[in-house]
Amino acid sequence: MKERYFAKPRVVISKCIEFSPCRWNGSVISSPVVKKFIGSFSFLLVCPESEIGLGIPRKPVRLIDKKGDIRMIQHETEADFTSEMADFSDNFLSSLKKIDGFILKDRSPSCGIKDVKYYPPGEKKQPISSKGSGLFGEKAVSKFGSLAIETEGRLNDAAIRDHFLTKLYALSYFREISAKPAMGKLVEYHSENKYLFMAYNQSILRYLGKITANPGKDSVESTFQKYAEKLPHVFSRQMRKGSVVNVLQHALGYFSDKLTSREKKYFLLTLDKFTQNRSALSECRSLLMSWIVRFEEEYLLRQTFFSPYPEELI
Ligand code: SF4
């Protein structure tokens, strides 16, 4: 049996997370989750505040809401860095090629993508809102919103992390096969992701299937292009429980005449617990995986649904 191959994701990360003591006070953010990704991902590090010359350590900056005009101000000196940050962000983001995702620092006025505090002008210390984005983070989402983008804090949640990794690995493998577009590769990619896409979004699975069938006989490059545009939409929301259960039952069907009644009963009990949020999807997946390997069910073995990303990241 062939081992499943994973492309190495290319991820832009806020440099202060695990990599460099570049925060305003010279500290580094510790993230056990990100630490686990080192070695599996190819990271591209960026610290927008250092890049615009603010220095380390530095006086902190804040986002000030001046009647809807959001300014990046260094509170103690009143210096305004809004245009420097905007220029750096535009230049940096437009220089990026072949990336699959971002991991950005939570709540930072530069890197944050949500829950960033906006302050009123003047001396007031209390924020008027804590629902905004940082200046760099906002531009990253606007340009690369279809990729896998998360903050290091949210990745501590198992369901958010599973979704992020699933999307990231699906996109990175597609990026890899897109480097040398060939219809056979696209058909294989679509077929291996069938159960995964089915669990996420059946109508997009069908739409992608039509693109893969290439009824208009587009060129290979334009077929890949169409597929690439639609692919991220599969992951626009987390997997639906009902669809996941369908996929699991469908897979069980492959072994219906090979398992003992006790084994089947145990699986259905585990599935029931999953449906009632009393057990994780990984338990059902692991059970099925043990039978896939035991009965050498090659078609299921190739389905990314059962191992959407490397096991060491689970
Ligand atoms: S949050 Fe962003 S700008 Fe702030 S220290 Fe980290 S990488 Fe630099």
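A. Molecular detail of the overall build of the chain. When helices and strands are counted, the chain shows 13 helices and nine strands. Within the chain, contacts between residues at least 6 apart in sequence are counted, and of these 65% link residues at least 24 apart.

B. Here's a closer look at the site of the ligand. Near the ligand lie 13 residues; those nearest to it are Cys 16, Cys 47, Lys 105, Ser 108 and Cys 111. Here the shell around the ligand takes three residues from helix 2 (residues 48-51), the largest share from any one element. Of the residues contributing to the shell around the ligand, the split by class is five nonpolar, four polar and four charged.

C. Examining the domain arrangement of the chain more closely. Segmentation of the chain into domains returns domain 1 (10-156) and domain 2 (158-314). Just the C-alpha atoms count here: the centres of domain 1 and domain 2 sit 33 Å apart. Taken residue by residue, the interface counts 13 residues in domain 1 and 11 residues in domain 2. Of all elements in the fold, only helix 1 (32-37) and strand 9 (148-151) reach the threshold of two or more residues within the side of domain 1 that touches domain 2. Across the side of domain 1 that touches domain 2, the residue classes tally to four nonpolar, three polar and six charged.

D. Region of the structure containing the sheet that holds strand 7 (residues 116-119). Here five strands make up an open sheet; going across it, the order is 5-4-3-7-8 and the pairing mixed. Looking along the sheet, the strands with just one partner apiece sit at the ends: strand 5 (79-80) and strand 8 (129-132). Judged from the two bridges that link them, strand 3 (residues 61-66) and strand 7 form a sheet pairing that is parallel. Bridging from a neighbouring strand, Ile 64 pairs with Tyr 119 of strand 7.

E. Molecular detail of unusual backbone geometry. At the junction of Ile 56 and Pro 57, the peptide bond is cis and its omega measures out at -10° in the coordinates. Relative to the assigned elements, Pro 57 resides in the loop between helix 2 and strand 3. Backbone geometry at Lys 98 places phi at a positive 50°, although glycine is not the residue there. A count of 11 C-beta atoms within 10 Å places Lys 98 in the exposed class. Located in the positive-phi region is Arg 107, a residue other than glycine, with phi close to 60°.

F. Region of the structure containing the nonpolar core. Ranked by internal contacts, the top residues of the largest apolar core, which has 74 residues, are Phe 102, Ile 103, Ala 199 and Val 247. Sort the elements by how many residues they give to this core and helix 5 (residues 158-178) lands first, with eight residues. Domain assignment of the residues forming this core places at least three in each of domain 1 (10-156) and domain 2 (158-314). Once residues within four sequence positions are removed from consideration, Val 247 is found in contact with Tyr 195, Met 198, Ala 199 and Phe 305.

G. Spatial organisation of the sheet that holds strand 2 (residues 42-46). Pairing is parallel in the open sheet, where four strands are placed in the order 2-1-6-9. On the outer flanks of this sheet lie strand 2 and strand 9, each paired with one strand and no other. Direction aside, the axes of adjacent strands within the sheet are offset by 20° on average. Note: strand 1 (residues 10-14) against strand 6 (residues 101-104), three bridges, orientation parallel.

H. Fine view of the environment of Ile 149. Of note, Ile 149 is situated in strand 9. Using a count of 20 C-beta atoms within 10 Å as the deciding quantity, one classes Ile 149 as buried. Look past the residues within four positions of Ile 149 in its chain and what remains in contact with it is Gly 101, Phe 102, Ile 113, Ala 140, Val 141 and Phe 144.

I. Here's a closer look at the packing of helix 3 (residues 82-95) against helix 4 (residues 135-144). For the pair helix 3 and helix 4, the least separation of the axes is 9 Å and the interaxial angle reads 35°. For the pair helix 3 and helix 4, the crossing hand works out as right-handed. In this structure, helix 3 contributes Met 85, Ala 86, Ser 89, Asp 90 and Leu 93 to the contact, and helix 4 contributes Leu 135, Phe 136, Lys 139, Ala 140 and Lys 143.

J. Spatial organisation of the pairing of strand 9. Residue alternation in strand 9 divides its side chains into two sets, Ala 148 and Glu 150 and Ile 149 and Thr 151, and both sets are buried. Looking at chain direction, strand 6 and strand 9 are connected through four bridges and run parallel. Directly across from Leu 104, in strand 9, lies its bridge partner Thr 151.

K. Layout of the packing of helix 6 (residues 183-192) against helix 8 (residues 202-213). Packing of helix 6 against helix 8 brings their axes to within 10 Å, and their N-to-C directions diverge by 160°. It follows that helix 6 is roughly antiparallel to helix 8 by the angle criterion. Considering how the two elements wind past one another, helix 6 and helix 8 form a crossing that is left-handed. Contacts from Leu 186, Val 187 and His 190 in helix 6 reach Leu 208, Gly 209 and Thr 212 in helix 8. A class-by-class count of the residues in the contact of helix 6 with helix 8 yields three nonpolar, three polar and no charged.

Each value, and the rule that gives it
Residues numbered from 1 in each chain as written. Predicted model: local features only at pLDDT ≥ 70, side-chain atom pairs only at ≥ 80, totals over all residues. Helix = DSSP H or I, 4+ residues; strand = E, 2+ residues; numbered from the N terminus. Contact = placed C-beta atoms within 7 Å. Near = placed C-beta within 6 Å. Nonpolar A, V, L, I, M, F, W, Y, C, P; charged D, E, K, R; others polar. Domains from an automatic or database assignment. Pairing = 2+ DSSP bridges. Buried ≥ 20, exposed ≤ 12 C-beta atoms within 10 Å, placed from the backbone. Core = buried A, V, L, I, M, F, W, Y, C linked by C-beta atoms within 7 Å. Axes fitted to C-alpha atoms, helices over the stretch in contact; angles between N-to-C directions. Left-handed = near helix turned anticlockwise from the far one by under 90°. Parallel < 35°, antiparallel > 145°, perpendicular 65-115°, else oblique.

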